[in-house]
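Chains, contacts and geometry: an overview
Listed below, chain by chain, are the residues.
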Amino acid sequence: MSISHAPPQNPPGDISGKPGDVDSSRPVDDVSELELVPIVPSSARRARLPRWLRRTSGPVLLLALWQLLSSTHVLTPEVLASPGTIAGVARDLFADGSLTNAMGVSLQRVALGLLFGVVVGVGLALVSGLFQVGEDLVDASVQMLRTVPFVGLIPLFIIWFGIGEAPKIAIITLGVSFPLYLNVYAGIRGVDSQLVEAGESLGLSRWGLVRHVVLPGALPGAMTGLRYSLGIAWLALVFAEQINADAGIGFLMVQARDFLRTDVIVVCLIVYAFLGLLADFVVRTLERLLLQWRPTFTGR
């Protein structure tokens, strides 16, 4: 009795895909069937609108709804003026120069308050973040003060600084300081300790560690704090310009409130919004320039 050592033949329905299994009925020289087909993600196959169109569609739809409600007298002029009326009022305010002058005064107040707030907030964060003694002396006091609403300090600021420009700038400075302090302090303390040890092993001095390791690591937090601070700066400006102001966007709003001019009030609110959006755009551009070394997820 002879025993064959040849491997058994695979049945026709076998899909095990073992090496060496060749379908003799297939032509070997048919290269077109062997070409790989690239796999395209489903997100790339979908037709997508341009990003600028998607970003502007929401405000345009809101504006159209607003105009529709005004045209059908659901919104009366005493409650809220129509977009067409507001556009005409804005044109008149720009033409006589009152809105331009008010924007200049308000921008000057925000710039000074932001400058002083950056100096105070970043300075305290560096002292508290880099030194344990500084943390013991500074952090507890700052944490207590930041829980106090800065708007509630307006009466004290009026008593201390009078009713001129000083209390207005002081309110903006106070509102700007705390977000910067918190984010810069968290950025400093969030630096990876292994990076610090690597810098020490390379022979960096304490100032070298701060300059080349700690400060670059804290920069993302500082930029986030700056964006928060800009938003609070415009919010603080609204309250600050209620203090016996004789110029600025808030002064125009107070006058419009006294005469029940909702169109002027909405124009001033739109100016606030556009100035805040412009400031945020500047900070985001600065963030992209300063943080090119840190690749991040930008969404799909």
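Right above here is the structure, for reference.
Just so you know, these numbers come straight off a predicted model, no measurement behind them. (Residues numbered from 1 in each chain as written. Predicted model: local features only at pLDDT ≥ 70, side-chain atom pairs only at ≥ 80, totals over all residues. Heavy atoms only, no water.)

A short note on unusual backbone geometry
Selection criterion: A run of H or I in DSSP becomes a helix once it reaches four residues, and a run of E becomes a strand once it reaches two; helices and strands are each numbered from the N terminus. Relative accessibility under 20% of the residue-type maximum defines a buried residue, over 50% an exposed one, and the middle range a partly exposed one, all with a 1.4 Å probe and only protein chains included.
One non-glycine residue, His 73, adopts positive backbone phi at about 60°. Here His 73 lies in the loop between α2 (51-71) and α3 (83-95). Backbone geometry at Leu 260 places phi at a positive 55°, although glycine is not the residue there. If you trace the backbone, Leu 260 turns up in the loop between α10 (249-258) and α11 (262-290). Residue classification places Leu 260 among the exposed positions, given a relative accessible area of 72%.

What to know about α3
Note the following rule: Take the number of residues in a helix, subtract one, and multiply by 1.5 Å to get its expected span. Residues count as neighbours in contact if any of their non-hydrogen atoms are within 4.5 Å of one another.
The terminal C-alpha atoms of α3, which comprises 13 residues, lie 18 Å apart, in line with the 18 Å expected from a rise of 1.5 Å per residue. Within the span of α3, buried status applies to Pro 83, Ile 86, Gly 88, Val 89, Ala 90 and Leu 93. For α3, the elements touching its buried residues are α2, α4 (98-130) and α11. Immediately downstream of α3, the backbone of Gly 97 shows phi near 85°, a positive value.

Side note on the environment of Gly 276
Assignment of secondary structure puts Gly 276 in helix α11. Accessibility expressed as a relative area gives 21% for Gly 276, which makes it partly exposed. For the pair Gly 276 and Arg 227, spaced 49 residues apart in sequence, the C-alpha separation works out to 9.9 Å.

Examining the environment of Gly 113
For Gly 113, the position within the fold is in helix α4. Exposure remark for Gly 113: the relative accessible area of 0% places this residue in the buried category. Through-space distance from the C-alpha of Gly 113 to that of Ala 170 is 6.7 Å; in sequence the pair is 57 residues apart. The residues contacting Gly 113, other than those within four sequence positions of it, are Ile 169, Ile 172, Thr 173 and Val 176.

So far we have only geometry, and geometry alone does not tell us how the molecule works.
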